[in-house]
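In case you want the letters, here they are:
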Amino acid sequence: MTRRYTKENLSLIVRKNIRKYRLMKNYTMQELADLTGLTHGYVRDLECLSIDKTPLLETVGKFADALEIDIRLLFDNIDTEEKK
């Protein structure tokens with residue numbers, strides 16, 4: 001049985017969605033950092049998928065608030081093409 005909801009899988013999904021919604025809002029990384037109260041370096045590292053970084057749930061909430069979206073959207077799996 002494959003576990004879909006591992007920490008690693010959820011982290012990757014959330015990180016990709018943060019980038020997706022940031023780009024949809026036309027925010028720079030710095031603008032998103034300012035809106036969340038986080039540093040530019042943190043946002044950059046989070047979006048860089050080669051760096052192992054897992055945001056806390058509270059931090060995911062900060063991103064959802066800053067992006068003005070329902071937090072559940074950040075957990076939507078957008079990897080359907082990669083799994084084929």
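Each value, and the rule that gives it
- Residues numbered from 1 in each chain as written.
- Predicted model: local features only at pLDDT ≥ 70, side-chain atom pairs only at ≥ 80, totals over all residues.
- Heavy atoms only, no water.
- Helix = DSSP H or I, 4+ residues; strand = E, 2+ residues; numbered from the N terminus.
- Rg over C-alpha atoms; globule rule 2.2 N^0.38 Å.
- Core = buried A, V, L, I, M, F, W, Y, C linked by side-chain atoms within 4.5 Å.
- Buried < 20%, exposed > 50% of the residue type's maximum accessible area, 1.4 Å probe, protein only.
- Contact = heavy atoms within 4.5 Å.
- pLDDT = per-residue confidence, 0-100.
- Polar contact = N/O pair within 3.5 Å; in protein donor to acceptor, adjacent residues only side chain to side chain.
- Axes fitted to C-alpha atoms, helices over the stretch in contact; angles between N-to-C directions.
- Parallel < 35°, antiparallel > 145°, perpendicular 65-115°, else oblique.
- Left-handed = near helix turned anticlockwise from the far one by under 90°.
- Nonpolar A, V, L, I, M, F, W, Y, C, P; charged D, E, K, R; others polar.
- Salt bridge = Lys/Arg side-chain N within 4 Å of Asp/Glu carboxyl O.

Turning next to the overall build of the protein chain. Looking only at helices and strands, one finds four helices and zero strands in the protein chain. Written out in order from the N terminus, the α and β elements of the protein chain read α-α-α-α. Taken against the 2.2 N^0.38 rule, which gives 12 Å for 84 residues, the C-alpha radius of gyration of the protein chain at 12 Å falls within 12% of a compact globule. Oriented by its inertia axes, the alpha-carbon framework of the protein chain measures out at about 40 × 20 × 20 Å.

It is worth spelling out the nonpolar core at this point. Grouped together as the largest cluster of nonpolar side chains are 17 residues, with contacts concentrated most on I18, L32, F63, L67, I69 and L74. Of all elements in the fold, only α1 (7-24), α2 (29-36), α3 (40-47) and α4 (57-67) reach the threshold of two or more residues within this core. Of the residues forming this core, the biggest block, five residues, is contributed by α4. Dropping the residues within four chain positions of it, F63 is found in contact with I18, L32, T36, L38, Y42, V43, L46 and L74.

This brings us to α4. Listed as buried for α4 are T59, V60, G61, F63, A64, A66 and L67. Lining the buried residues of α4 we find α1, α2 and α3.

This part covers the confidence of the model for the protein chain. Of the residues in the protein chain, 92% reach a pLDDT of 70 or more, and the chain-wide mean stands at 91. Long-range and interchain partners of residues 80-84, a stretch whose pLDDT sits below 50, account for two contacts in this model, where long-range means more than four residues apart.

Next up on the list: the side chain of S11. On the secondary structure map, S11 appears in helix α1. By relative accessible area, S11 is classed as buried at 6%. A distance of 3.3 Å separates the side chain of S11 from the side chain of T54, its partner in a polar contact. Excluding anything up to four places from it in sequence, S11 contacts K53, T54 and P55.

Take the packing of α2 against α4 next. The relative placement of two packed helices is expressed as an angle between their axes plus a distance between the axes. Where α2 meets α4, the axes come as close as 9 Å, and the angle between the chain directions of the two elements is 110 degrees. When the interaxial angle is binned, α2 and α4 end up roughly perpendicular. Between α2 and α4 lies a crossing of right-handed hand. Where α2 approaches α4, its residues L32, L35 and T36 are matched on the opposing element by K62, F63, A66 and L67. In the contact of α2 with α4, the residues fall into five nonpolar, one polar and one charged.

Scanning all chains against the criterion turns up five salt bridges. As a salt-bridge pair, K25 and E68 come within 3.1 Å of each other at their nearest N and O atoms. On the criterion of sequence distance, the pair formed by K25 in the loop between α1 and α2 and E68 in the segment after α4 is long-range, its members being 43 residues apart. According to the relative accessible area criterion, K25 is partly exposed, its value standing at 32%. For R44, the salt bridge goes to D45, with nearest N and O atoms at 3.4 Å. The class of R44 is partly exposed, set by a relative accessible area of 41%. Look at the salt bridges and you will find they share partners, linking R19, R22 and E47 into a network.

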